[in-house]
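Report on the structure
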Amino acid sequence: MRAPAPSVPPSELAKTIEIPRVPALAAGPRRAVWLAVDGTMETLAPDATAARLRDATAPLVCHAPATARRLGVRPLFAYDLLELFAFVYPARFCLPTPRGLAAALGLPLPAALEDEARTLVEAARLLLVALAEPEPSGAKDAAPLAQIMARAGWLWGEAVQGALGAGGRRAAGESGPAGGQAGALAVWTRLKEWQERAPEPPAGHRAVEPGEARARLAQLLGDGAEPRPQQADYASAVCAALAPTETQGEPHVVLAEAGTGVGKTLGYIAPVSVWTEQNDGTVWLSTFTRNLQRQIDRELDRLYPEPKVKAEKVVVRKGRENYLCLLNLEDAVARSTLLPGDRVALGIMARWVAATRDGDMVGGDFPAWLADMLGYGRTLGLTDRRGECIYSACAHYRACFIEKSQRKARRADFVIANHALVMIHAARDAFTGGTGGEERGVPTRFVFDEGHHVFDAADSAFSAHLTGTEAHELRRWLLGPERRGGRRGGGRARGLRSRVEDLIADRAPAEASLQEALNAARALPGDDWHQRVAAGAPLGPAERFLALARQQVLARAAHPDSAYGLEAATEPQITGMAAAAAALDRALGALAQPLRGFAAQLEALLDEKARELDTAARNRIEAVIRGVGRRGAAQIGAWRAMLRTRAVDDGGDNSGVDNGGDNGGDDADHGPAGAPEGFVDWFALDRIDGRDSDVGLHRHHVDPTAPFAEFVIGRAHGALLTSATLRDGTGDVAADWAAAEARTGARHLARPALRAEVPSPFDYAAQTRVL
């Protein structure tokens, strides 16, 4: 039952709010200011401030961990204004300084430490008043969360509950569907779930005329904008990438270099927005950096000023590891019964989860400073961790932020992604012949901003890495956590059997194939493989190969004791490497064959029970088939291709691994062939702070823009590749454009790319001073 609105008029509400009667502390690099409760102010040296803190009441501060580091005080018990800000205004931006707080709250900006101390007091008052105002954002959950956090020792708990009480809101009866006061932490039960929708129709093919692009640009800029004819020229040039295609495999591609200051972002948003409206289609805007993603997102506020409309029209897509995992959050809440101190952090996280736009914790609306204040494990450690997602088997699948983002992207006008995500999906498509597994509609129009980074992104995406970390992760995906010393390993990852056992309970062939694959997976590196490989005591064919790879790198390194990563050529190989590669190839063959058989059994199950399976069960089976195909066909296939260029069968003991007849007749009895034409291989030993972190064999394209051109641009209808530094600046026009085409992959296209050059409106040589 909702508490009634307060009878106290809002104008009088501030008089009823009491802030904690504690001093305020503003710390600078060389001194600190202490503002006492009676208004007296002292300037203290860092040592004197530290001594004062040991005896005084916990003060008001802004960013307690940073203040503690500055003063050399650990721990620092304080009323942190940033904690209160994150509770009152979750998912809202604020610089983590007194000046940033002032700007966010509309207070005068402090000019000195003395002003900062006064700002802290006034900020505390404003934040508590905001909680007491009628119908603040998320008011329903604020009271029960505040009670939970107060019981866990939150210093702000009493003041926050007092402010909420002044506003007429109490904790009783507002704990949420989970029941009890702890139910308020179960924020996942109150999230809106996604619903399946009919597939979107394909986009139209109407062209965008330059005049339409210029008109839309003028509309976005508004009446008071500084005239920049170069920006309008740029918008006109972009229209060529939006023209309808006439021949399959010949997209319209535009290479556009626009100098700094032209205004590229709005320059391409203008024509692209006209295209999306006229054709009811989606355009992917891809960047190399998160900063540019945020910039594009902000610029789209001009096109969609209403937040609700923008939420439907614009989707920001990133890798899974950027998003909060609701199952991880649920696990953390469950653990908090034994660790009640965690409930302060979880209460703040619950407020953010209820308010976030899309659950993005890395570069989204999650305040980065919360990780420093609340701890990594209680914040960023709750993101989706590699290999642990159980997809439709998860109880939170229909509320999952990642699933929502993927589905919204199919209907959005703009998808703001990054080069890595776009190319990883294309790489999966290249290896599996599918659609990448996650996007049901393949995008046909792209804008690659920061186009000079396309080469680097493609080099990472279209490469293969047979390393200990990758192989161990595959083993965990298949087997799940294994027992160590009589107890089960850490993490909540579930093995392949636990994800599908209820689906194949009555299918003996599927069960047999699965068991054979799980048995073969034990040839992959197990837990603690780092230590065994470094000690020269490997277990199994994978670890033996990795140990020899490490040995070869160290043997060829000029400085083997370096704190940084080391690399070595694959030729000539050390003794035993070829035989170890052959043994591992057979072990991987023994794993790939039953995985293929298992996937075939699941596909048969889909066909046989097409009318019986509900949507959730079908989605689960399809997800497993995609996962097995991605790992069994693509990843293991790439690894075996790499190993066969290294392998020689010496006829010796290969750990009894039988390839089951699945080696394609390629068990080598000859010398290593080396990397295929167009590829380069090398061994690498990765190190972090002087400690080994990974080791293995790497294969990259000599020219990674070739697969980029084939699997991304070549399958699209149009693309813009743009940057302020797309070309080399040698002054030789032909050579500079040739370099741009090589860097972006345009030279591999059947249809030549159009070139556009728009100079900067500023004379940087005359207007810039380097200090």
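Residues numbered from 1 in each chain as written. Predicted model: local features only at pLDDT ≥ 70, side-chain atom pairs only at ≥ 80, totals over all residues. Heavy atoms only, no water.

1. As for the overall build of the chain
On a plain count of helices and strands, the chain comes out with 29 helices and 18 strands. The buried share of the chain, taken over its 771 residues, is 53%. Put simply, 72% of the contacts in the chain that link residues at least 6 apart link residues at least 24 apart. Carbon and sulfur atoms make up 51% of the accessible area of the chain, which totals about 34,500 Å². (Helix = DSSP H or I, 4+ residues; strand = E, 2+ residues; numbered from the N terminus. Buried < 20%, exposed > 50% of the residue type's maximum accessible area, 1.4 Å probe, protein only. Contact = heavy atoms within 4.5 Å. Areas by Shrake-Rupley, 256 points an atom, 1.4 Å probe, with all protein chains shown as cover.)

2. Some words on empty space enclosed by the protein
Taken as a whole and judged by the stated rule, the model has five cavities of 30 Å³ or more. Approximately 130 Å³ is the volume attributed to the largest cavity. Every element with two or more residues in the lining of the largest cavity is listed here: helix H14 (326–335) and helix H17 (401–409). Class assignment for the residues of the lining of the largest cavity results in 11 nonpolar, one polar and four charged. Approximately 60 Å³ is the volume attributed to the second largest cavity. (1 Å grid on protein atoms, 1.4 Å probe; cavity = no way out; pocket = protein on both sides within 12 Å on 5 of 7 lines; lining within 4 Å. Points joined across faces, edges and corners; volume = space filled by probe spheres on them. Nonpolar A, V, L, I, M, F, W, Y, C, P; charged D, E, K, R; others polar.)

3. Focus on the confidence of the model for the chain
Overall, the predicted model of the chain reaches an average pLDDT of 88, with 88% of residues at or above 70. The least confident element of the chain is strand E13 (residues 487–488), whose mean pLDDT is 50; the most confident is strand E17 (residues 718–723), at 98. For residues 1–10, every residue scores under 50 in pLDDT, and the model assigns this stretch 17 contacts once sequence neighbours within four places are set aside. Long-range and interchain partners of residues 173–181, a stretch whose pLDDT sits below 50, account for 24 contacts in this model, where long-range means more than four residues apart. (pLDDT = per-residue confidence, 0-100.)

4. Points about the sheet that holds strand E16 (residues 691–701)
Taken together, the four strands give an open sheet; going across it, the order is E11-E16-E15-E14, and neighbouring strands pair in antiparallel fashion. Since the sheet does not close on itself, it has two edges, and those belong to strand E11 (463–467) and strand E14 (566–568), each with one partner. The sheet shows a mean angle of 25° between the axes of neighbouring strands, direction not considered. Relative to E16, strand E15 (residues 679–688) is paired through 10 bridges, and the arrangement is antiparallel. Residue pairing for E16: Asp681 is matched across the bridge by Arg699. (Pairing = 2+ DSSP bridges. Axes fitted to C-alpha atoms, helices over the stretch in contact; angles between N-to-C directions.)

5. What about the pairing of E11?
For a regular strand, the rule is simple: side chains alternate between the two faces of the sheet. Burial within E11 is extensive, with four of its five residues counted as buried. Note: E11 against E16, five bridges, orientation antiparallel. Paired with Ser463 across the bridge in E16 is His700.

6. Some remarks on the sheet that holds E17
Ordered in space as E8-E9-E7-E10-E17-E6-E18, the seven strands form an open sheet in which the pairing is parallel. The sheet is open, and its two borders are formed by strand E8 (314–316) and strand E18 (754–758), each paired with just one other strand. Neighbouring strand axes in the sheet, compared pairwise and without regard to direction, differ in orientation by 15° on average. Bridging between strand E6 (residues 252–258) and E17 involves six bridges; their strand directions are parallel. Across the sheet, the residue bridging to His252 is Gly718, located in E17.

7. Remarks on the pattern of salt bridges
By the definition in use, this model includes 37 salt bridges. Close ionic contact of Arg69 with Asp372 constitutes a salt bridge, the shortest N to O distance being 2.8 Å. Pair noted here: Arg69 is in helix H3 (residues 64–71) and Asp372 is in helix H16 (residues 369–374), with a separation of 303 residues, a long-range link. Classification of Arg69 as partly exposed rests on a relative accessible area of 43%. A salt bridge links Asp115 to Arg118; its shortest N-O distance comes to 3.2 Å. Taken together, the residues Asp115 and Arg118, both in helix H6 (residues 113–132) and three residues apart, mark about one turn of the helix. Relative accessible area serves as the criterion here: at 28%, Asp115 is assigned to the partly exposed category. (Salt bridge = Lys/Arg side-chain N within 4 Å of Asp/Glu carboxyl O.)

8. A word on the packing of aromatic side chains
Per the counting criterion, the structure on display carries 11 aromatic pairs. The ring of Phe87 has Arg351 sitting right over it, with the charged end atom 4.8 Å from the ring centre. A cation sits over an aromatic face here: Arg699 above Phe679, 6.0 Å from the ring centre. (Phe/Tyr/Trp six-rings, centres within 6.5 Å; stacked < 30°, edge-to-face > 60°. Lys NZ or Arg CZ within 6 Å of the ring centre and 35° of its normal.)

9. Notes on the pairing of E15
Pairing analysis gives three bridges linking E14 to E15, with the strands arranged antiparallel. Looking across to E15, one finds that Glu567 is bridged to Ala684. What sits between the antiparallel neighbours E15 and E16 is a turn of two residues, in which Asp689 has the positive phi angle 55°.

10. Quick word on the environment of Phe598
Tracing the backbone shows Phe598 in helix H25 (residues 577–608). Sequence spacing of Phe598 and Val624 is 26 residues, and the spatial spacing of their C-alpha atoms is 10.0 Å. When residues no more than four places from it in sequence are discounted, the contact partners of Phe598 are Leu496, Val500, Ile504, Ala510, Ser513, Leu514, Val624 and Val628.

11. Some words on the nonpolar core
In terms of nonpolar packing, the biggest core is built from 75 residues, with Leu81, Phe87, Leu128, Trp156, Val160, Leu324 and Val353 touching the most fellow members. The greatest single-element share of this core, amounting to 11 residues, is contributed by H6. The contacts of Phe87, once residues within four sequence positions are left out, are Leu131, Ala142, Leu145, Ala146, Met149, Trp154, Val160 and Arg351. Counting 61 residues, the second largest nonpolar core, distinct from the first, contains Ala547, Ile574, Ile625 and Ala647. (Core = buried A, V, L, I, M, F, W, Y, C linked by side-chain atoms within 4.5 Å.)

12. Considering unusual backbone geometry
With an omega of -10°, the peptide bond between Arg74 and Pro75 qualifies as cis. Of note in this structure, Ala91 is not a glycine but carries a positive phi near 60°. Here Ala91 is to be found in the loop between helix H4 (81–88) and helix H5 (98–105). Positive phi is not limited to glycine here, since Asp280 has a value of about 50°. Inspection of the secondary structure puts Asp280 in the loop between helix H11 (264–279) and strand E7 (283–287). The class for Asp280 is exposed, based on a relative accessible area of 55%.

13. Remarks on helix H2 (residues 46–55)
Every α-helix winds through 3.6 residues per turn, so residues three or four apart in the chain are directed the same way. Listed in full, the buried residues belonging to H2 are Thr49, Ala50 and Leu53. In an axial view of H2, the angular spread of the buried residues amounts to 100°, which keeps them on one side of the axis. Residues Asp47, Arg54 and Asp55 are exposed on H2 and point more than 90 degrees away from its buried face. If you follow the buried residues of H2, they end up packed against strand E1 (24–27), strand E2 (32–35), strand E3 (41–44) and H3. (Arc of directions from axis to C-beta.)

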